[in-house]
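Here is what each chain is made of, one letter per residue.
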Amino acid sequence: MNKGNKQTITNKPKVATPPVATNKKTEKPVVPVKNNIPTKPVLNNKNNTAVNKKENEKPVLGKKRKDVEEEEEEEDEEELSFGNINEDGFSDEDEEGDDEEEEGDDDEEEEEDEEEVATFEEDTGINRALLENEDSLVEYNSDDGEEESINSGNISSSAATSGAEEDGKRWSSDPNQFYDSEDSSEDETIVNRIGNIPIEWYDDFDHIGYDVDGNKIMRSESTKDSIDRFLDQQDPNFWRTVYDKVNDKKVVLSDEDMQLLKNIQNRNFIPGFNPYEDWYDPGPNPDSIHPLHNAPVPKRSFLPFGTDEEREIRRLTHAIRMGWIKISHKKKEKKNNFDLWGDGTNSEEKQKGIKRIPAPKQRLPGNVESFNPPEEYLLTDDEVKAWHLMDPRERPHNFIPQKYKSLRQLPIYNKLIKERFERCLDLYLCPRKLKTREFIKDETKFLPKLPKPQDLRPFPSHEELQFLGHSARVRSISISPNGQWLASGSDDCTIKIWEISSTRCVYSLKVENEIQSVAWNPNPLYNILAASYSNKIIIITPPIYGPEQNQETEKIITKPNTESTSEEQQNKSVNWYNVTDSTLKERGVRIEIHHPFTVKNLTWHYKGDYFSSTSPEEGTRSVKIHHLSKRATQTPFRRSKTPNQVTRFHPSKPIFFVADQNIIRVYDLMKQELIKKLITGCRYISSIDIHPGGDNVIMGGYDKRVSWFDLDLSTRPYKVLNYHKMAVRKVIYHPTLPIFASCSDDLSIHVFHGMVYDDLLQNALIVPLKILKTHQSVNDLGVLDIAFHPKQPWIFSSGADSTIRLYT
Amino acid sequence: MVEKKVNNKEESKVKVKFITNDPNIRVTDTPIAVPVRLARLGLSEVIHHLREDIEENSKPFDFLINGKFIRTTLDTHIKNNSLSEEDIITIEYLEAITEPKREKECQHDDWVSSVHGGNFGLIVSGSYDLGVRVWDSEGNLISTGTGHLAGVKCVSWINDKDNSNLSFVSASLDKTLRVWNFNKEQSEIKALAVLKEHTGSVESVDVSPDQTRIVSGSMDGTIKLWSIKNIPNTPAAAPSNSSLKKRKTTTAPETIHEITESIQSVSVPNCQGITTVNWETQFQLLSGSMDHNIKLWDVNTLTQTESIHTSSSLTDISYTVESGLIASAHKDKTIRIWDPRESDQTKAQIQSLFSHKTWVTSVCWKPNSKHHLCSTSHDGTIKYWDIRTKIPFYTIDNLEKTNEKVLTSSWINNNNNDNYSIVSGGTDSKLRIHYNDNNN
């Protein structure tokens, strides 16, 4: 029921019913809604309600059914309630266009209603509910103190129907208002108020209904007997008298009515009705069955009454009404005036967008600028000459003051175009835009995040020991596999072996020529050192542990008897000789391998049976692989285009790395095929080394660069390190620790952290750790060779200053 | 003297009580007030005053408060150690150790790689010239023995109870150890036996406290125990009772035992070479290796009982039975003092002594001393330490300028009293005995 109430209120605008004259607040002209609209039949009203309800809310439909039942069963009550309404004289409230305050009122009232509904819903008796509800309605309206009107088409229709909840109904306490809609001639007659019910129901009673005050209207006409009827025929107006069944009355039709009837009979228009009148749109018809728009029913309408938002609104409106919240209706005054002479910096409103520097304030014009300056401002001839001689920037004014008698005599300003142009140039070239410069306190945050070198310990950081004894540049050094001995080969034609822990030179061998390369056999079982000088490679078993060698060394070094013939056939250029000289033999020199050209580089296979040598002067056949136990030599590449410089064996697989001047080639020794070709971009490779994992290669070149190759990644360098200032002599990986180093003629040894991850997706991490620079330069040569200790984080370096240094 | 100063200035004073262990220098233990600005010298004067010494060159003293040496004024020391000036401070004092004044040089043919001074006034030294030499405490060469095929790396006396029949053992780069007999009467060194089993150079050797076994550590990563019970004491007796051991008669003109089997051997994995071994107590021996670990071994089973991980490679280990501490010399210039009884690794290191400029080559506790030790280094210096202070008591640095290295050190007691002198050897090919008495 309450919903109905609410709808009544909310639907008002749709009806567009102007309020009744009694409405004090709006004071709008009293225009009864349905006056203009032809009177509806009683039954139509029901449809009307239904339609309106359909339009508004679904739950109302149930209510309508209830109404019908009520009508059927409780006519008496209904009558009574209507009467009550009329007596109390409450009026409908205004339409929605009203002030907010009123709406607030409505809200509050609705709230009360809601409470009542809550109680009523518990009652099962429909009658009672109806009654109570109507009472509440009465209360509500009377509380409001506003007048409402029922604007029904005629008395009967208005009486007939659906009660307070019906849409479009206007309630009015003013009887005049009520009867306004009726014919004035019927003012005095008593009107039956039974509503839209079959009149037959009263057939058994001696009254035909009730008047507006609830008194019975007694039968008069129908009780007449036939004599009376006959007597009535005597009446001259009998022929035009009709019986009104509802009111049980005889009505004499007037001339106008007769005329109307005649017109109907003759199928003519009612006099005074203009069928060809101009049609006008009366606006949305509240009675229209079909909606004019197809908008979906808002979701909100399905929600149960009273969301949090509504409550909040109600609370606020209540507070406003009670005066707890005061709303100031003062609008902010717009400033229409501004400081014309201000520089614009103090304006309260901050400018959006580009911040501009205010223009410098111009000096106000003085007397000099005047067209009629005082005499003392005018320049004399000398001063004019001086003005012309002056640098334009030093002139006090960029014009010569001139005197005119009147403003009219002023010539046109001849520099106008030029000045405009310069002004535009100024604006273009130095716009007064405030540039916000970012002050970067910590520039290091732009650097890539690398771990700190301190966290990457251990690595060699300072010079610890020097091995002194050589008298010329030390070209090559090598550390024994157990990390106890250091072998060095020098330009003073000696090979020396040092005990690392005491820097003691325990062995020294003098040969005929400068030592090119020394290399310990990497197998810890063997005590074998290979060295190359001029065109010879010598295999030494140094007597560092005494003259006797262990069995393994002896076994591999002694010449096998069987294969002597084949060996000679295989190679003509390279010859193996047993050393027969007793003095040399005493010094541990066991085998000499003679080459046609100078052997520059020596490198051992990790198992210690094979070693490879390069002699770049030999050109296309520069690389040789020697098999120590068989005393055999192979020349694997016979047709290489460029002389190969450096070779390396893969640390665990039968893979062989050969570098010529600018390309590193990777060969599979088992399949005897080229696997990869690393394009270094280097002009002259000096040294390469293979990571102990085998998948990464570093290369150093005489053109100062060090390149890191990831074989899985690309044939191009993964990283190029251009830190050396002079030719890079040697690059090496640490056999066990994630360190690599490079040495150069600029006397420095660069130590890097080079972590290779097992995860193939993660690239190697390269962090520069330390620059070691203690060697001295001799003839522009710096550090010639470096070597890592096999286990400790120690690096040994040999330089042109004939020293060998250990950094720990 | 003190009172005079007090009169001059109004100074804050503390009440101190002097105590000492040495009865010769003991003074009254009644608390006396001394000014707080006094340092070592001032306190020494107080002691002299109390002892009524009138000698001009009376010895200086060193002072300790709660086991810490006073190296600043009393005032700062009290502040730094947050002591209370209200209490009576007990100051322990002892005679200051002064730098040795006299030095004896004993020429070798090559670098002196190892030296060991016994407690009977004799020094044995090993050299890279392949020889071993015995010297008396005055630095006179008694005898030379040869036989090693490569440089001698370590020597150690085997003490006999009656000192009549002396022998010593030497370890060498030629992967062998040799046991030698030193005949005092004939002033002769004769090789008794050669111990061959190592596959790398033998870096270190030590003798068990009961003088029956030898421990050796080698660069091949093994520690081996050898029994010397069956080696005859005299080389003359060797041929007769060599029934158990193989005789090597073919090569050597002089018949010596060849022992090719150690009684116990353990290989330390990943140790990169044992550089030092030490056997001071009967049931426990120590080893130090290149992989930064000090390991403690149970002698009977030769199983590792404990391992101390240090931050650098070991070069030498010394153990003192007096206080049960280990001193280790490292290649990171540091000497570290460990207490092996502490189970917690972090607590085990109780002191680190840092003053050398490069690798420390040897460290040696002073016999019968709880606190004193000497160390040598590649920087050519010998330093004398008290582990209660981080500053060495004195430094012998006459080799520093010549870029020579000191490789080894040991203690020798001359005159059979408690007076010990440092013996050192290095790359200057000289054995140096540093006497700290001035009268001889």
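Counting of residues starts from 1 at the beginning of each chain's written sequence and follows it residue by residue. Throughout, the order in which chains and ligands are written sets their labels, letters from A for the former and numbers from 1 for the latter. Where local features are concerned, this predicted model is filtered to residues with pLDDT of at least 70; where side-chain atom pairs are given and counted, the filter is 80 or more; whole-chain, interface and lining totals use all residues.

In the nomenclature of an unreviewed UniProt entry, chain B corresponds to Ribosome biogenesis protein WDR12 homolog from the organism Dictyostelium purpureum. As its UniProt record puts it under Sequence similarities (unreviewed entry), chain B is described as follows: "Belongs to the WD repeat WDR12/YTM1 family." UniProt positions are given in the numbering used here, feature names are shortened, and annotations may be inferred rather than shown by experiment. Per UniProt, chain B carries the Function (unreviewed entry) text "Required for maturation of ribosomal RNAs and formation of the large ribosomal subunit."

With an unreviewed UniProt entry as reference, chain A is termed Ribosome biogenesis protein BOP1 homolog, source organism Dictyostelium purpureum. Regarding chain A, the UniProt comment filed under Sequence similarities (unreviewed entry) reads as follows: "Belongs to the WD repeat BOP1/ERB1 family."

1. Section: the overall build of chain A
Within chain A, the secondary structure is distributed over 16 helices and 33 strands. The proportion of buried residues among the 808 residues of chain A is 34%. A fraction of 54% describes how many contacts in chain A between residues 6 or more apart in sequence connect residues 24 or more apart. Only DSSP runs of H or I reaching four residues or more are called helices, and only runs of E reaching two or more are called strands; each is numbered from the N terminus. Here the C-beta atoms are placed from the backbone, and a residue counts as buried if at least 20 other C-beta atoms lie within 10 Å of its own, exposed if 12 or fewer do, and partly exposed otherwise. By the convention adopted here, residues make contact when the C-beta atoms placed from their backbones lie within 7 Å.

2. As for the overall build of chain B
Along the backbone of chain B there are four helices and 35 strands. For chain B, the proportion of its 440 residues judged to be buried stands at 46%.

3. Section: the UniProt feature "repeat: WD" (unreviewed entry) in chain B
All names here are of chain B. Annotation from UniProt places "repeat: WD" (unreviewed entry) at residues 145–190, 195–230, 285–307, 311–348 and 353–395. Taken end to end, residues 195–230 is 0% helix and 56% strand, and its two terminal C-alpha atoms sit 13 Å from one another. Overall, residues 311–348 shows 11% helix and 42% strand. The separation of its end C-alpha atoms is 13 Å.

4. Some words on the nonpolar core
The term nonpolar core refers to a group of buried residues, namely Ala, Val, Leu, Ile, Met, Phe, Trp, Tyr and Cys, whose C-beta atoms join them within 7 Å. Among the nonpolar cores identified, the biggest contains 185 residues, and Leu486, Val697, Ala741 and Phe796 of chain A are the most heavily contacted of them. Broken down by element, the residue count for this core peaks at six residues, all from strand β14 (residues 188–196) of chain B. Filtering out sequence-adjacent residues up to four positions away, Leu486 of chain A remains in contact with Phe467, Ile477, Ile479, Ile497, Trp498, Ile500, Phe796 and Ile804 of chain A. Judged by nonpolar contacts, the second largest core, of 15 residues, contains Val14, Val34, Leu38 and Leu43 of chain B.

5. Considering helix α10 (residues 255–265) of chain A
The element α10 of chain A is barely covered by neighbouring structure, given that only zero of its eleven residues are classed as buried. Downstream of α10 of chain A by a residue or two, Arg267 of chain A has a phi angle that is positive, lying close to 60°.

6. Details of helix α2 (residues 40–51) of chain B
Residue and element names in this part refer to chain B. To estimate how far a helix should reach, multiply one less than its number of residues by 1.5 Å. With twelve residues, α2 ought to run about 16 Å at 1.5 Å a step, and its terminal C-alpha atoms sit 16 Å apart, in line with that. Those residues of α2 lying buried are Leu43, Val46 and Ile47. Axial view of α2: buried residues confined to an arc of 95°, hence all on one face. Once α2 ends, the next one or two residues include Glu52, with phi positive near 60°. By definition, the arc is the one covered by directions from the helix axis to the C-beta atoms.

7. What about the pairing of strand β7 (residues 485–490) of chain A?
Residues and elements named next belong to chain A. Counting buried residues along β7, six of its six residues qualify, which places the element largely inside the surrounding structure. Residues Trp485, Ala487 and Gly489 of β7 are buried on one face, and the alternating residues Leu486, Ser488 and Ser490, pointing to the opposite face, are buried as well. Direction of pairing for strand β6 (residues 474–479) relative to β7: antiparallel, over a ladder of five bridges. What sits directly across from Ser478, in β7, is Ala487. DSSP-based pairing: two strands are paired if at least 2 bridges between them are found. Between β6 and β7, which pair antiparallel one after the other, the connecting turn spans five residues, and Gly483 there sits at a positive phi close to 75°.

8. What to know about the sheet that holds strand β18 (residues 632–634) of chain A
Residues and elements named next belong to chain A. Here we have four strands laid out as an open sheet, ordered β15-β16-β17-β18, and antiparallel in their pairing. At either margin of the open sheet sits one strand with a lone partner, and together these are β15 (601–604) and β18. Across the sheet, the mean angle separating the axes of adjacent strands is 25° when strand polarity is ignored. To obtain an axis, a line is fitted to C-alpha atoms, over the contacting stretch when the element is a helix, and the angle between two such axes runs from 0 to 180 degrees between their N-to-C directions.

9. What to know about the environment of Leu314 of chain B
Residue and element names in this part refer to chain B. With respect to the helices and strands, Leu314 occurs in strand β25 (residues 314–319). When the C-alpha atoms of Leu314 and Val360 are compared, they prove to be 9.0 Å apart, with 46 residues separating the residues in sequence. The contact partners of Leu314, leaving out residues within four places of it in the chain, are Thr275, Thr276, Gly288, Ser289, Ile294, Ser328 and His330.

10. Concerning the sheet that holds strand β9 (residues 504–510) of chain A
All names here are of chain A. Taken together, four strands build an open sheet; the order of strands is β6-β7-β8-β9 and the sheet is antiparallel. The open sheet has two edge strands with one neighbour each: β6 and β9. The mean angle between the axes of side-by-side strands here comes to 20°, regardless of whether they run parallel or antiparallel. In this sheet, β9 lies alongside strand β8 (residues 494–499) in antiparallel orientation, the contact comprising six bridges. Within the sheet, the bridge partner assigned to Ile497 lies in β9 and is Tyr507.

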